[in-house]
Amino acid sequence: QELKDYIATITVADNKDDLTTDDIIEISRSRDGEAVSTEGGFAPGVYEVTIAVKDSSGNQSDSAVITVTVVDTTQPVLSGVTDTTLAAVDANGSPSAGVLAATAVDTVDGQVAVAYSIGDGEVGANFPLGDTVVTVKATDAAGNIAEGSLTVTVTDQTAPVIVSASGVTFEATGAEGYTGTTDSV
């Protein structure tokens, strides 16, 4: 609810004039006893707005204090939480550094940090071969949490190579040449 809408619900009266809430004037705004400017709006917190009303003769009422409490109950919005497939670089899988690029934006705090975890632990140096479910979490200053998950799939996409294939010499064992087994070749 807007402050203006709330003020419109206040009842004002005068012995002479037909006053409306349009005749209410704001005297001050404070937070924790300190005067504040809320030109850009009220950040989360508790404020005291002091108001009064004036009639056409210039008489001003005693002031009244409205306590305005602004809360942030909206969680950040995650983006970039998408499954990904990586090629293994070796038997340990694929390096994890710089692979995940999720972001989180909060209506109050703007960009907030994103944390990644696997089960109860942190993401290690490598994603192992196979599927790994990664939890993506962002928490704003008010403690609102956005959470998602993605799967990192690491597959062996590299064909094997023959590292050494030098020639071999076999002794002929008869008229047909070498007739021995080739099982150990």
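About the criteria used
Residues numbered from 1 in each chain as written. Predicted model: local features only at pLDDT ≥ 70, side-chain atom pairs only at ≥ 80, totals over all residues. Heavy atoms only, no water. Helix = DSSP H or I, 4+ residues; strand = E, 2+ residues; numbered from the N terminus. Rg over C-alpha atoms; globule rule 2.2 N^0.38 Å. Pairing = 2+ DSSP bridges. Patch = residues over 30% accessible without salt bridge, like charges linked within 9 Å, V, L, I, M, F, W, Y side chains within 5 Å. Areas by Shrake-Rupley, 256 points an atom, 1.4 Å probe, with all protein chains shown as cover. Salt bridge = Lys/Arg side-chain N within 4 Å of Asp/Glu carboxyl O. Buried < 20%, exposed > 50% of the residue type's maximum accessible area, 1.4 Å probe, protein only. Core = buried A, V, L, I, M, F, W, Y, C linked by side-chain atoms within 4.5 Å. Contact = heavy atoms within 4.5 Å.

> Describe the overall build of the protein, naming the residues involved and giving the relevant values.
Helices and strands together make up the secondary structure of the protein, namely 1 helix and 14 strands. In terms of overall dimensions, the protein is more spread out than a globule: its C-alpha atoms have a radius of gyration of 36 Å, far above the 16 Å expected for 185 residues. With the principal axes as the frame, the protein shows a C-alpha extent of 135 × 25 × 25 Å.

> Break down the sheet that holds strand β3 (residues 45–53) for me, with residues and values.
In spatial order, the strands read β2-β1-β3-β4; together these 4 strands make up an open sheet with antiparallel pairing. The sheet terminates laterally at β2 (34–35) and β4 (64–70), the two strands that pair on one side only. Bridge count for strand β1 (residues 24–31) against β3 is 6 bridges, and the pairing is antiparallel. Residue Glu-26 lies in a different strand from β3, and its bridge partner there is Ile-51.

> Give a detailed account of a nonpolar patch on the surface, specifying residues and quantitative values.
Nonpolar side chains collect at one region of the surface, where Val-168, Phe-170 and Tyr-178 lie side by side and expose about 280 Å² of accessible area between them. Following the sequence through the fold, Tyr-178 ends up in the segment after β14 (145–155). Its relative accessible area of 33% is what places Tyr-178 among the partly exposed residues.

> Break down the sheet that holds strand β11 (residues 121–122) for me, citing the residues and quoting the values.
Reading across the sheet, the 5 strands line up as β6-β14-β13-β10-β11 and stay open at both edges, with mixed pairing between neighbours. A strand with exactly one partner marks an edge of an open sheet, and here the two such strands are β6 (84–87) and β11. Direction of pairing for strand β10 (residues 114–118) relative to β11: antiparallel, over a ladder of 2 bridges. In the sheet register, Ile-118 faces β11, and the bridge partner there is Gly-121.

> How would you sum up the nonpolar core? Please name residues and give values.
The biggest cluster of nonpolar side chains holds 11 residues, and these are Leu-3, Ile-7, Val-12, Leu-19, Ile-24, Tyr-47, Val-49, Ile-51, Val-53, Ile-66 and Val-68. Those elements that place two or more of their residues in this core are α1 (3–7), β3 and β4. Broken down by element, this core gets its largest block of residues, 4 residues, from β3. Once residues lying within four places of it in the same chain are set aside, the contact partners of Leu-3 are Arg-29, Phe-42 and Val-68.

> Explain the environment of Thr-73 to me, using residue names and the numbers behind them.
Looking at the element boundaries, Thr-73 is found in the loop between β4 and β5 (77–79). Taking C-alpha positions, Thr-73 is 10.0 Å from Val-108, a pair spaced 35 residues apart along the chain.

> A description of the pairing of strand β13 (residues 130–139) should follow, citing residues and the corresponding values.
The side chains of a regular strand alternate, first on one face of the sheet and then on the other. Sheet topology places β10 next to β13; 4 bridges connect them, and they run antiparallel. Within β13, the residue paired with Val-114 across the bridge is Ala-138. Pairing between β13 and β14: 10 bridges, direction antiparallel. Among the inter-strand pairings, Lys-137 is bridged to a residue of β14, identified as Glu-147. Counting the residues that bridge the hairpin from β13 to β14 gives 5 residues, and of these Gly-143 lies at a positive phi of roughly 90°.

> So what's going on with the pattern of salt bridges? Residues and values would help.
Applying the stated criterion across every chain, the model contains 3 salt bridges. Among the ionic pairs, Glu-26 bridges to Arg-29, the shortest N-O distance being 2.4 Å. The shortest N-O distance in the salt bridge between Lys-137 and Glu-147 comes to 3.6 Å. Residue Lys-137 is found in strand β13, and its partner Glu-147 is found in strand β14; the two are separated by 10 residues along the sequence. Its relative accessible area of 54% is what places Glu-147 among the exposed residues.

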